[in-house]
Amino acid sequence: AAFAALARRYPDHPAPPLYGATVVWLRHLNDCRELVLDRFVHPGYFTKAAPRPMDSVQRQRFFDLLAASRLLTDRRLKADSRDPEGRYYRGAAEGLSAAFAITVDRSYLEAFRHGKQAYAIHSRLFQEDHSYFDASLLPGLYDYVAASLPWYLRWLSGGDRGRGLQSVNLAFDKGAGAPDDARLVRLALLAR
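Procedures and definitions
- Residues numbered from 1 in each chain as written.
- Predicted model: local features only at pLDDT ≥ 70, side-chain atom pairs only at ≥ 80, totals over all residues.
- Heavy atoms only, no water.
- Helix = DSSP H or I, 4+ residues; strand = E, 2+ residues; numbered from the N terminus.
- Buried < 20%, exposed > 50% of the residue type's maximum accessible area, 1.4 Å probe, protein only.
- Contact = heavy atoms within 4.5 Å.
- pLDDT = per-residue confidence, 0-100.
- Polar contact = N/O pair within 3.5 Å; in protein donor to acceptor, adjacent residues only side chain to side chain.
- Axes fitted to C-alpha atoms, helices over the stretch in contact; angles between N-to-C directions.
- Left-handed = near helix turned anticlockwise from the far one by under 90°.
- Nonpolar A, V, L, I, M, F, W, Y, C, P; charged D, E, K, R; others polar.
- 1 Å grid on protein atoms, 1.4 Å probe; cavity = no way out; pocket = protein on both sides within 12 Å on 5 of 7 lines; lining within 4 Å.
- Points joined across faces, edges and corners; volume = space filled by probe spheres on them.
- Phe/Tyr/Trp six-rings, centres within 6.5 Å; stacked < 30°, edge-to-face > 60°.

Kindly report on the overall build of the protein, identifying the contributing residues and their values.
Within the protein one finds 10 helices and 0 strands. The N-to-C order of helical and strand elements in the protein reads α-α-α-α-α-α-α-α-α-α. Burial analysis of the protein (192 residues in total) assigns 43% to the buried set. Sequence separation of at least 24 residues holds for 62% of the intrachain contacts in the protein that already meet a minimum separation of 6.

In structure tokens, the structure reads:
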């Protein structure tokens, strides 16, 4: 309800539908008792099938909100392809798609595809503006996860755990909007 109200107040901003989709995704994980740190740090967590499929209505709601966020981001980027906030939210949408793919659908291929796009968008944004610290979170997570894959998958994705953790720490220490997310990601990575 809060993000729906924000969407009415800021109809051209991609954040409200993106965060609304995030809530739908996290509610599903919570309902399945999947938001337990032990599960995320256990190496075999993502290789097992999801405990139960997502309700089709909620699944459609997630994808509708995500599509709305992407549409608003695309409009911003059409008006100004260098808009840092538009680029940030476009990368964030790809990151959320990757998280959904691995935690709900257990699809490595989809998670890798969306994660790679999020990595590229946010890495480029951070390289161009070293003060946009929020954009260092997703590349850091990608680097860490990619370096943790089995050797036969790692060569496809690259990655470096140390560099990844350093980027996550940068988002935590200096980010404007990402420190809370970075705190949770850092907790999971350090527990692993």
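If you had to explain the confidence of the model for the protein to someone new, which residues and values would you point to?
Confidence in the prediction of the protein, expressed as mean pLDDT, is 89, and 89% of residues score 70 or more. Between the elements of the protein, mean pLDDT differs from a low of 62, seen in helix α8 (residues 151–157), to a high of 97, seen in helix α4 (residues 56–79).

I'd like to hear about the side chain of T73, residue by residue, with values.
For T73, the position within the fold is in helix α4. In this structure T73 comes out as buried when scored by relative accessible area, which is 0%. For T73, the side chain forms a polar contact with the main-chain oxygen of S69, separated by 2.9 Å. For T73, the residues in contact, after removing those within four places along its chain, are P14, G86, Y89 and R90.

I'd love a proper account of the packing of helix α9 (residues 161–174) against helix α10 (residues 179–191), names of residues and values included.
In the contact formed by α9 and α10, the axes pass within 8 Å of each other and the chain directions differ by 145°. Here the hand of the crossing between α9 and α10 comes out left-handed. The residues of α10 that touch α9, namely those facing L165, V168, N169, A171 and F172, are P179, A182, R183, V185, R186, L189 and L190. Split into classes, the residues belonging to the contact of α9 with α10 amount to 9 nonpolar, 1 polar and 2 charged.

Break down the layout of surface pockets for me, citing the residues and quoting the values.
Volume-wise, the second largest pocket comes out at about 220 Å³. Surrounding the second largest pocket, 13 residues form its lining, A1, F3, A4, G20 and R61 being those nearest its centre. Those elements giving two or more residues to the lining of the second largest pocket turn out to be α1 (2–9), α2 (15–31) and α4. Counting residues per element, the lining of the second largest pocket draws most heavily on α2, at 6 residues. Here the lining of the second largest pocket is built from residues that sort into 10 nonpolar, 1 polar and 2 charged.

Provide a residue-level description of the packing of aromatic side chains, including the pertinent values.
Evaluation of the coordinates by the stated rule reveals 9 aromatic pairs. On the numbers, 4.2 Å between centres and 15° between planes, the contact of F62 with F100 is stacked. With F62 in helix α4 and F100 in helix α5 (residues 84–105), this pair connects stretches of sequence that are 38 residues apart. Given the relative accessible area of 0%, F62 is considered buried. According to the relative accessible area criterion, F100 is buried, its value standing at 2%.

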